[in-house]
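# An overview of the molecular structure
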Amino acid sequence: MITKTIITGKETVLGIEKSLFAYRMARDFFDKGIAATNDLHRPKSELTNKTHWMVCFPVCTIAFSLELALKNFLTDEQITKLRNTKRKNGHELLDLYELIDTDTQNKIESHFDWCGSFKNTFFNMSYRPSSSKTVHQKAASTKERITIALNKSNRAFLDFRYFYSLDPTQEYWFDFNTIIQFTHACLAIKAEELGIKYN
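Structural notes, computed from the coordinates.

Parameters at a glance
- Residues numbered from 1 in each chain as written.
- Predicted model: local features only at pLDDT ≥ 70, side-chain atom pairs only at ≥ 80, totals over all residues.
- Heavy atoms only, no water.
- 1 Å grid on protein atoms, 1.4 Å probe; cavity = no way out; pocket = protein on both sides within 12 Å on 5 of 7 lines; lining within 4 Å.
- Points joined across faces, edges and corners; volume = space filled by probe spheres on them.
- Helix = DSSP H or I, 4+ residues; strand = E, 2+ residues; numbered from the N terminus.
- Nonpolar A, V, L, I, M, F, W, Y, C, P; charged D, E, K, R; others polar.
- Expected span 1.5 Å × (residues − 1).
- Buried < 20%, exposed > 50% of the residue type's maximum accessible area, 1.4 Å probe, protein only.
- Polar contact = N/O pair within 3.5 Å; in protein donor to acceptor, adjacent residues only side chain to side chain.

What follows covers the layout of surface pockets. Its boundaries defined by the atoms lining it, the largest pocket holds a volume of some 540 Å³. Taken together, 19 residues line the largest pocket, and the ones lying closest to its centre are Lys18, Lys71, Asn72, Leu74 and Asp76. Counting only elements with at least two residues in the lining of the largest pocket, the list comes to strand 2 (11-13), helix 1 (18-40), helix 2 (56-71) and helix 3 (76-83). In terms of residue count, the dominant contributor to the lining of the largest pocket is helix 1 (5 residues). Class assignment for the residues of the lining of the largest pocket results in 8 nonpolar, 4 polar and 7 charged. Empty space within the second largest pocket amounts to approximately 180 Å³. Forming the walls of the second largest pocket are Asn151, Lys152, Ser153, Asn154, Arg155, Ala156, Asp159, Phe160, Glu171, Tyr172 and Trp173.

This next bit is on helix 1. Between its first and last C-alpha, helix 1 extends 33 Å over 23 residues, near the 33 Å set by a 1.5 Å rise per residue. Here helix 1 has its buried residues at Ser19, Ala22, Tyr23, Ala26, Arg27, Phe30, Gly33, Ile34, Ala36, Thr37 and Leu40. By the N-cap criterion, in which a side-chain oxygen at the helix start approaches the backbone nitrogen of a residue two or three places on, helix 1 is capped by Glu17, the distance to Ser19 being 3.2 Å.

Okay, structure coming up:
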């Protein structure tokens, strides 16, 4: 239940300030996604053509965590406007990031640069048809690296949620390293804004 308190004028969800509630949700999905990703990347885990379903849970939970984290920097009006745009449903990661103000983007990218958490820990998920001749771009800057990863993983929540009905002619890509590190940076900056410790 969403209500607006008379004293602060802030919206609350089940008695918790809305932005804090959204942060806690995003953090919970992120933590569970990281745990599943760690299991997936254990040395003895066997990811074969018969076990590719194992990537769906970590990809979906991390992508949804990032979606929640990005939306937490936006106003309700911005999100509604995005949803009303043709072919958009509010899950597209790059579209959400581009709506965030430049100062906040700079803070997130700065944290992404200096923070050592989750750097170069995981492999990337890539499915491409045998006919694919895609050459992956190399980033020249932090912003470009983030933009490329978000663009390639723009619909990750939708694509991997329904991965059992994938289009065999399409390429699917999830940059675990960049997306995890970027999600961590978004959560850390929001925690700082909320005045709580990220640990």
